[in-house]
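Each chain is listed here by its residues.
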Amino acid sequence: HPTQTLCQGSDHDHPISFSSNIGHLVPPLLLPARTLSQIVDVWQVSTRGNRDSYMALDSRIEENLRRFSIFEELGDEELQSVLSKVSIVRFERGETIIAHEARDTDVFLLLEGQALANRYSLSGREISYRRLPAFSYVGELAVFDGQPRSVNIVALTKVVMGRLSGDAFREIMLELPSVTQALLRDLSGRIRDLSDRIYETTASSVKMRFYTELIR
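Here is a short report on the structure shown in this document. (Residues numbered from 1 in each chain as written. Predicted model: local features only at pLDDT ≥ 70, side-chain atom pairs only at ≥ 80, totals over all residues. Heavy atoms only, no water.)

Once that is clear, we can look at unusual backbone geometry. Of note in the backbone geometry, Glu101 takes a positive phi value of approximately 75° without being a glycine. Following the sequence through the fold, Glu101 ends up in the loop between strand 4 (96–98) and strand 5 (107–112). The phi dihedral of Phe135 falls on the positive side, at around 75°, and the residue is not glycine. (Helix = DSSP H or I, 4+ residues; strand = E, 2+ residues; numbered from the N terminus.)

Turning our eyes to something else, we now look at the packing of aromatic side chains. Under the criterion given, the structure shown has three aromatic pairs. Taking the centre distance of 6.4 Å and the plane angle of 65° together, the rings of Phe68 and Phe71 count as edge-to-face. For Phe68, a relative accessible area of 0% corresponds to the buried category. In this structure Phe71 comes out as buried when scored by relative accessible area, which is 0%. Ring geometry for Phe91 and Phe108: centres 6.4 Å apart, planes at 70°, overall edge-to-face. (Phe/Tyr/Trp six-rings, centres within 6.5 Å; stacked < 30°, edge-to-face > 60°. Buried < 20%, exposed > 50% of the residue type's maximum accessible area, 1.4 Å probe, protein only.)

Judged by nonpolar contacts, the single largest core of 25 residues is most densely connected at Leu65, Ile70, Phe71 and Leu164. Elements that contribute at least two residues to this core include exactly helix 1 (33–65), helix 2 (76–83), strand 5, strand 10 (159–164), helix 4 (166–175) and helix 5 (177–203). The leading source of residues in this core is helix 4, at four residues. Dropping the residues within four chain positions of it, Ile70 is found in contact with Tyr137, Phe169, Val179, Ala182, Leu183 and Asp186. (Core = buried A, V, L, I, M, F, W, Y, C linked by side-chain atoms within 4.5 Å. Contact = heavy atoms within 4.5 Å.)

Mapped onto the fold, Ala115 is located in strand 6 (residues 115–120). Linking Ala115 and Ala155, residues 40 residues apart in sequence, is a C-alpha distance of 4.4 Å. In contact with Ala115, not counting residues within four places along its chain, are Ile97, Leu110, Arg130, Arg131, Leu132, Ile153, Val154, Ala155 and Leu156.

A few words now on the layout of surface pockets. The probe, sized like a water molecule, is rolled over the atoms to show the empty space still left. Estimated volume of the largest pocket: approximately 930 Å³. Considering the residues around the largest pocket, the lining is formed by 27 residues, among which Ala117, Tyr129, Arg130, Val151 and Arg190 are closest to the centre. Counting residues per element, the lining of the largest pocket draws most heavily on helix 5, at six residues. Residue composition of the lining of the largest pocket, grouped by class: 13 nonpolar, four polar and ten charged. (1 Å grid on protein atoms, 1.4 Å probe; cavity = no way out; pocket = protein on both sides within 12 Å on 5 of 7 lines; lining within 4 Å. Points joined across faces, edges and corners; volume = space filled by probe spheres on them. Nonpolar A, V, L, I, M, F, W, Y, C, P; charged D, E, K, R; others polar.)

In short, shape yes, function no, at least from these values alone.
This is the structure we're talking about:
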């Protein structure tokens, strides 16, 4: 509801109304009309600037979402539907994004930066699984089977993530078949890659495995 303030002490004394959104910024004092008008103008410019910034951010995130393999076939309206479910979270270098054995089911979309999937042995030795470049996604397995997290995901740099709740991601899979198909393609690729690694581990000498890892 608009708030009215009576302005006095000026040749232009008259009531001026301003949005209740800025009522907390200007106490109901007796101010010259010109002064209060200037305050309102500044607030309106600031609000418009914030709105434009949010629109630009949404546009940038939407463009980045198209670079994920699971969203690249979506139309504009479908992508907007996904975007409406995404929240943005930021992590500093070294922060844990997903903790091994955690029970949450959020899916993370790596918008900026790099991350690492790892675990630690009982002796404390780090076992690295893979590096995650920008436009990788992680956490979907917990949505599929409801089991605890199988690895840690740690930020290697400053990271910007898009986060989807497990329920939101499940809804996307049900409503957008192309996303489910892309997930199956990606999972098939990972299984084939793991099969190749198992073969290399069992069929190659230590020296050859070392060279293979250097090349990879």
